[in-house]
Amino acid sequence: MTYKDLDDRAIELAYYILDNHTTIRATAKQFGIPKSTVHHDLSVKLKYINYRLYLEVKQLLEENFSIKHIHGGESTRQKYAMLKKEINKNDEYDSFYINQ
């Protein structure tokens with residue numbers, strides 16, 4: 001890749017993340033590159049390539065960062081709800097065989 005291609009990649013990543021309101025993780029997966037590369041392109045390189053675009057991306061990334069604990073908490077809640085459901089299901093089977 002040439003220097004120009006790297007600049008183009010940073011701009012393409014920025015427009016993708018803004019248009020689709022995706023996370024760094026989802027953007028990295030879409031482009032098949034590491035999360036650290038996406039993060040570096042958007043938070044370091046883009047600042048020098050297109051400052052106005054950098055500010056827009058920075059705002060979206062800060063919003064994503066501010067709500068990530070909510071998503072993590074929801075995932076954990078769902079995980080334990082599923083485990084509880086499985087335990088209750090196993091208890092029903094156990095009581096069926098014990099009562100026979």
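(A) How the structure looks around the packing of aromatic side chains. Tallied over the full model, the rule gives 2 aromatic pairs. Ring geometry for Y51 and Y54: centres 5.6 Å apart, planes at 35°, overall tilted. Of the two residues, Y51 and Y54 both sit in helix α4 (residues 51-98), 3 residues apart, roughly one turn of that helix.

(B) Quick look at helix α2 (residues 24-31). Taken as a whole, α2 has its buried residues at I24, T27 and A28. Projected down its long axis, α2 carries its buried residues within an arc of 100°, all on one side. Along α2, exposed side chains directed more than 90 degrees from the buried face belong to R25, K29 and Q30. Looking one or two residues beyond α2, the residue adopting positive phi is G32, at roughly 70°.

(C) View of helix α3 (residues 35-49). With 15 residues, α3 should reach 21 Å at 1.5 Å per residue; the first-to-last C-alpha distance of 20 Å fits that figure. Most pronounced at D41, the bend in α3 amounts to some 35°. Burial in α3 covers these residues: V38, D41, L42 and L46.

(D) Summary view of the pattern of salt bridges. What the rule picks out here adds up to 3 salt bridges. For R52, the salt bridge is made with E56, and the minimal N-O distance between the two is 3.0 Å. With R52 and E56 both in helix α4 and 4 residues apart, the pair spans about one turn of that helix. Salt bridges linked by common partners bring R9, D41 and K45 together as one network.

Reading the values: the criteria
Residue numbers run consecutively from 1 along every chain, following the written order of its sequence. Residue-level local features of this predicted model are given only where pLDDT is at least 70; pairs of side-chain atoms are given and counted only at 80 or more, and the full residue set underlies all totals for whole chains, interfaces and linings. Note that the side-chain values use all heavy atoms of the structure and ignore hydrogens as well as water. In this analysis, rings of Phe, Tyr and Trp, with Trp reduced to its six-membered ring, are considered paired at centre separations within 6.5 Å, and the interplanar angle assigns stacked below 30 degrees, edge-to-face beyond 60, and tilted for intermediate values. Secondary structure follows DSSP: runs of H or I at least 4 residues long count as helices, runs of E at least 2 residues long count as strands, and numbering of each begins at the N terminus. The buried label applies to any residue whose accessible area, calculated with a 1.4 Å probe on protein chains only, is under 20% of its type's maximum; exposed applies above 50%, and partly exposed to all values in between. Along the arc lie the directions from the helix axis toward the C-beta atoms. In a helix, the anticipated span is given by 1.5 Å times the number of residues less one. In this analysis the local bend is the angle between axes fitted, respectively, to the seven residues ending at and the seven residues starting at the residue. Here, a salt bridge means any Lys or Arg side-chain nitrogen found within 4 Å of an Asp or Glu carboxyl oxygen.

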